[in-house]
Amino acid sequence: MKNESTIIDVPAESRSAMKGSAPLIGEARDHTTSGSSGYKRGLSIFDFLLRLAAIIAASVAAGTMFTSDETLPFFTQFLQFQAGYDDLPTFQFFVIAMSMISGYLVLSLPFSVVTIVRPLATAPRLLLLVLDTAVMAFNMAAASSAAAIAYLAHNGNQNTNWLPICQQFEDFCQKTSGAVVSSFVSVVFFVILVVLSGVALKRH
């Protein structure tokens, strides 16, 4: 028996169309990758700006609390009425904590720059996500404890006979309250930073 073979004639136009379809797939993939890269670079730039704002908020909180000392203009032969952050261990912890948080934010800036240069890199974003979450909890602890003491300074506590001191030390209370507010602003920035990192990793 003779082997019979079937020859299929493909028109020239169909061949050229098949050859031209392959580059279109590659171009579509490149377009998708470049779009994702641009989106992540935008998130990274926003992340960098938020870190700068958080540095300012944390530094203002630490500096305001550190300079909150006030001495009343009247005194006796044996007594001088003075209030300062170092009179209360909670406020001392607040100054140290907010200073450490400011230092961490400064050190985190190079990693944020890396995510701008290499927007598709996963390791820097994951590292920042873990560290930002831990530092955010530390910031919240310092801000909450200082807020409790500031509340007692303003209102006192009748059950324990703790009298409010803000009627006498107005400047001291204003500065400590401002420092607490600034520390909570820093917490808000950290929350946004954590959300941004999570969104960027989810879309990876």
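Predicted, not measured: the structure shown is a model, and the values here were computed from it. Within each chain, residue numbers correspond to sequence positions counted from 1 in written order. Only residues with pLDDT of 70 or above have their local features reported here, since the model is predicted, and side-chain atom pairs are shown and tallied only from 80 upward, although totals for entire chains, interfaces and linings are computed over all residues. Where side-chain values are given, they derive from all heavy atoms of the structure, hydrogens and water being excluded.

Caption draft 1: Expanded view of the confidence of the model for the protein. In predicted models, pLDDT denotes the confidence assigned by the predictor to each residue on a 0 to 100 scale. Residue-level pLDDT values for the protein average 81, and 76% of them are 70 or greater. Note on conventions: DSSP H or I runs of at least 4 residues are helices, E runs of at least 2 residues are strands, and numbering of each starts at the N terminus. At the low end of the mean pLDDT range in the protein sits strand E1 (residues 70–75), at 67; at the high end sits helix H2 (residues 89–117), at 94. Pairs of residues are marked as contacts when any of their non-hydrogen atoms sit within 4.5 Å. Predicted confidence for residues 1–5 stays below pLDDT 50, and this span has zero contacts to residues more than four positions away or in other chains. Note that pLDDT drops below 50 for residues 13–31; the model gives that stretch one contact with residues more than four away or on any other chain.

Caption draft 2: Focus on the UniProt feature "transmembrane region" (unreviewed entry) in the protein. Feature annotation in UniProt assigns "transmembrane region" (unreviewed entry) to the following positions: residues 48–66, 91–114, 126–153 and 179–201. Within residues 48–66, the helical portion is 100% and the strand portion 0%, while the C-alpha atoms at the span's ends are 27 Å from each other. The span residues 91–114 is 100% helical and 0% strand by assignment, and the distance between its end C-alpha atoms comes to 36 Å. UniProt positions are given in the numbering used here, feature names are shortened, and annotations may be inferred rather than shown by experiment.

Caption draft 3: Highlighting the packing of aromatic side chains. To pair, rings of Phe, Tyr and Trp, with the six-membered ring standing in for Trp, must have centres within 6.5 Å; the planes then decide the type, stacked if under 30 degrees apart, edge-to-face if over 60, and tilted in the middle. For the coordinates displayed, the defined rule picks out four aromatic pairs. Between the aromatic rings of tyrosine 104 and phenylalanine 190, the centroid separation amounts to 6.5 Å while the plane-to-plane angle is 25°, which identifies the pairing as stacked. Placement of tyrosine 104 in helix H2 and of phenylalanine 190 in helix H4 (residues 170–202) is noted, with a sequence separation of 86 residues between them. Comparing tyrosine 104 with phenylalanine 190 shows no difference in burial state: the two are buried. Each residue gets one of three labels from its accessible area relative to the maximum for its type: buried under 20%, exposed over 50%, partly exposed in between, using a 1.4 Å probe on protein chains only.

Caption draft 4: Quick peek at the environment of isoleucine 55. Looking at the secondary structure, you find isoleucine 55 in helix H1 (residues 12–66). Judged by its relative accessible area of 15%, isoleucine 55 falls in the buried class. Expressed as a C-alpha distance, the spacing of isoleucine 55 and serine 102, which sit 47 residues apart in the sequence, is 5.3 Å. In this structure, isoleucine 55 is in contact with Ser102, Leu105, Val106 and Leu109, ignoring residues within four places of it in sequence.

Caption draft 5: Structural context of the environment of aspartate 86. In this structure, aspartate 86 sits in the loop between strand E2 (80–83) and H2. In this structure, the C-alpha to C-alpha distance between aspartate 86 and phenylalanine 66, residues 20 residues apart in sequence, is 8.4 Å. Not counting chain neighbours up to four residues away, the residues in contact with aspartate 86 comprise Asp69 and Gln92.

Caption draft 6: Seen up close, H2. For a helix, the expected span equals 1.5 Å multiplied by the number of residues minus one. With 29 residues, H2 extends 43 Å from end C-alpha to end C-alpha; this agrees with the ideal 42 Å at 1.5 Å per step. Maximum bend of H2: about 30°, positioned at leucine 109, with proline proline 110 one to four residues after it. For a residue, the bend is simply the angle between two axes, fitted respectively to the seven-residue segment ending there and the seven-residue segment starting there.

Caption draft 7: Geometry of the nonpolar core. Nonpolar core, defined: a set of buried Ala, Val, Leu, Ile, Met, Phe, Trp, Tyr and Cys residues in which side-chain atoms within 4.5 Å join the residues together. In this structure, Met65, Phe94, Met98, Ile101, Leu105 and Phe190 are the most contacted members of the largest nonpolar core, which totals 37 residues. Mapped by element, the contributors of at least two residues to this core are H1, H2, helix H3 (123–155) and H4. Once residues lying within four places of it in the same chain are set aside, the contact partners of phenylalanine 94 are Ala61, Met65, Ala142, Ala143, Ala146, Ala179, Val180 and Ser183.

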